[in-house]
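# A closer look at the structure
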Amino acid sequence: MCATLSLIPSCMKSPDPDIPWLLGGHMQQNTRRVKDLHSHNCGQILGIGYGVMGVRTDKAYWLIGPGQALWLPPCLCHTVRSHGGVRGWSLFIDRARSTMLPAQPFLVRGTPLLIAQAERLSHCTSDKSWSNIHARLAESFWDEFLSLPRASVSLPLPTDGRLRRVVDALSENPADTREQADWANEASMSVRSFVRHFGVETGMPFTAWRQRLRILNAQERLARGETVTSVALEVGYESPGAFSAIFRKITGHSPSAYMKLCRFSDKG
């Protein structure tokens, strides 16, 4: 069952323009952070300064890396899990403002301006701390956030039970080397039917989906401090060189650089 967390004071639901429509929270911890299935009665923008945070809904898995932020619409059931230490911020947006954004999650790459604004607003945790300065800052943040390019990159999850068996097995062991025909058999489907249904349900070819899964899993492992060589093997690549080439192509960073990025502000 999905629990609804009422983290926002009821006054935020008021149409009165003098009432805060945005409140924040700041997070920093050196151990793994896990939150079971829940939803919020308002919108949420979850940003990461260092570390990585995974957010899973019934339809997709999102990984928020350093400098990124994820939009979560109101009442969306999701789980949250970090991989190692994490530092970031969370801004809760009232329902009226939330209608200006899509009803599905999306990622943005934060600009230095947006990140600085969000960090400041994350300390405005109640209506008592709201002021004219915060109101102006919130409007500026909102304009900046709305202007950013939105990425729908995630790991889409099928709803068909037969296909879910496949993606669950691969999520447990991304290095599984079985071919597409083997997975079709696992799903009790012909190869042709498997290919067609998988593409329809996820919007991706199976081979591209598996590669994305492996890279997301690698990002999680690197954030936890595992070595590049061990990560390459654990996610299914025969050599660190081949893994590094694919990782850089998809993320824009080498594995070692990504690991440093995740831990750069570990003492901040």
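As a reminder, the structure under discussion sits directly above these lines.
This section reports on the structure supplied with the text.

Looking only at helices and strands, one finds ten helices and eleven strands in the protein chain. Seen through its principal axes, the protein chain has C-alpha atoms that stretch 60 × 40 × 30 Å. The proportion of buried residues among the 268 residues of the protein chain is 47%. Counting only contacts in the protein chain whose residues sit at least 6 apart along the sequence, the fraction spanning at least 24 positions is 72%. As displayed, the protein chain offers around 13,000 Å² of accessible surface, 53% of which is attributable to carbon and sulfur atoms. Treating the 31 positive side-chain charges of the protein chain as one cloud and the 23 negative ones as another, the clouds have centres 2 Å apart.

So, on to the pairing of strand E4 (residues 43-50). Taking burial as the measure, the eight residues of E4 include seven buried ones, the bulk of the element. Relative to strand E9 (residues 86-93), E4 runs antiparallel, the two sharing seven bridges. Residue Ile 45 lies in a different strand from E9, and its bridge partner there is Leu 91. Note that E4 and strand E7 (residues 68-72) share four bridges and pair antiparallel. Bridging across to E7, Gln 44 finds its partner in Leu 72.

Once that is clear, we can look at the packing of helix H7 (residues 206-223) against helix H9 (residues 240-251). Running from amino to carboxyl end, H7 crosses H9 at an angle of 95°, the nearest separation of the two axes being 11 Å. On the basis of the axis angle, H7 is roughly perpendicular to H9. The residues of H9 that touch H7, namely those facing Gln 211, Ile 215, Ala 218, Gln 219 and Leu 222, are Phe 243, Ile 246, Phe 247, Ile 250 and Thr 251. Looking at side-chain class alone, the contact of H7 with H9 contains seven nonpolar, three polar and no charged residues.

This part takes up the packing of aromatic side chains. The final tally for this structure, using the stated rule, is eleven aromatic pairs. Arranged with centres 6.4 Å apart and planes meeting at 25°, the rings of Trp 142 and Phe 145 form a pair that is stacked. You can see Trp 142 and its partner Phe 145 sitting in helix H3 (residues 132-147), three residues apart, about one turn around the helix. This pair shows no difference in class: Trp 142 is buried, exactly as Phe 145 is. Judged by centre distance (5.3 Å) and plane angle (85°), the rings of Phe 198 and Phe 206 are edge-to-face. When its relative accessible area of 3% is taken as the criterion, Phe 206 is described as buried. Among the aromatic residues, those joined into a cluster by ring pairs are Trp 21, Phe 106, Phe 141, Trp 142 and Phe 145. Arg 97 extends its terminal NZ or CZ atom over the ring of Trp 21, reaching a point 3.9 Å from the ring centre. Here the basic side chain of Arg 214 rests over the ring of Tyr 237, its NZ or CZ set 5.9 Å away from the ring centre.

Counting 33 residues, the largest nonpolar core has Phe 194, Trp 209 and Phe 243 as the members making the most contacts within it. At the level of elements, strand E6 (60-64), helix H4 (161-172), helix H5 (180-186), helix H6 (191-202), H7, helix H8 (228-234), H9 and helix H10 (255-263) are the ones that each hand at least two residues to this core. Ranked by residues supplied to this core, first place goes to H7 with eight residues. Setting aside its immediate chain neighbours within four residues, Phe 243 contacts Ile 215, Ala 218, Val 228, Val 231, Ala 232, Val 235, Tyr 237 and Pro 255. Of all hydrophobic cores here, the second largest spans 23 residues; its members include Leu 23, Ile 45, Trp 89 and Phe 145.

Here we come to H4. Counting along an α-helix, one turn takes 3.6 residues, and residues three or four places apart therefore face a common direction. Compared with the 16 Å implied by 1.5 Å per residue over twelve residues, the 16 Å span of H4 between its first and last C-alpha is a close match. Of all the residues in H4, the buried ones are Leu 163, Arg 164, Val 166, Val 167 and Leu 170. For H4, the angular spread of the buried residues around the axis is 160°, confining them to a single face. At the N-terminal end of H4, a side-chain oxygen is found 2.8 Å from the backbone nitrogen of Arg 162, two or three residues along, and the residue is Asp 160.

Cut-offs applied
- Within every chain, residues take consecutive numbers counted from 1 along the sequence as written.
- The predicted nature of this model means local features are confined to residues of pLDDT at least 70 and side-chain atom pairs, given and counted, to a pLDDT of 80 or more, with totals for whole chains, interfaces and linings taken over all residues.
- Water and hydrogen atoms play no part in the side-chain values, which are based on all heavy atoms of the structure.
- Counting from the N terminus, the helices are the DSSP runs of H or I reaching at least four residues and the strands are the DSSP runs of E reaching at least two.
- Partly exposed describes any residue whose relative accessible area lies between the buried limit of under 20% and the exposed limit of over 50%, with all areas from a 1.4 Å probe on protein chains only and scaled to the type maximum.
- Contact between two residues is taken to exist if any of their heavy atoms lie within 4.5 Å; hydrogens are not considered.
- Using a 1.4 Å probe, accessible areas were evaluated by the Shrake-Rupley method; residue-level cover was limited to the displayed protein chains.
- Neither His nor the chain ends is counted toward charge; the positive residues are Lys and Arg and the negative residues Asp and Glu.
- Where a charge sits is defined by one atom per residue type, namely NZ (Lys), CZ (Arg), CG (Asp) or CD (Glu).
- Only strands joined by at least two bridges in the DSSP assignment are considered to pair.
- Note on geometry: axes are lines fitted to C-alpha atoms, helical ones only across the stretch in contact, with angles between N-to-C directions running from 0 to 180 degrees.
- An angle below 35 degrees is treated as roughly parallel, one above 145 as roughly antiparallel, one from 65 to 115 as roughly perpendicular, and anything else as oblique.
- The residue classification treats Ala, Val, Leu, Ile, Met, Phe, Trp, Tyr, Cys and Pro as nonpolar and Asp, Glu, Lys and Arg as charged. All others, Gly included, are polar.
- Two rings from Phe, Tyr or Trp (for Trp, the six-membered ring) form a pair when their centres are within 6.5 Å of each other. A pair whose planes differ by under 30 degrees is stacked, one over 60 is edge-to-face, and the rest are tilted.
- Whether a charge sits over a ring depends on NZ of Lys or CZ of Arg being within 6 Å of the ring centre and within 35 degrees of the ring normal.
- Residues grouped as a nonpolar core are buried Ala, Val, Leu, Ile, Met, Phe, Trp, Tyr and Cys residues, joined through side-chain atoms within 4.5 Å.
- In a helix, the anticipated span is given by 1.5 Å times the number of residues less one.
- Our arc is simply the arc of the directions from the helix axis toward the C-beta atoms.
- Pairs of N or O atoms within 3.5 Å make up the polar contacts considered here, provided that, within protein, one atom can donate a hydrogen while the other can accept it, and that residues adjacent in sequence are counted only when both atoms are side-chain atoms.

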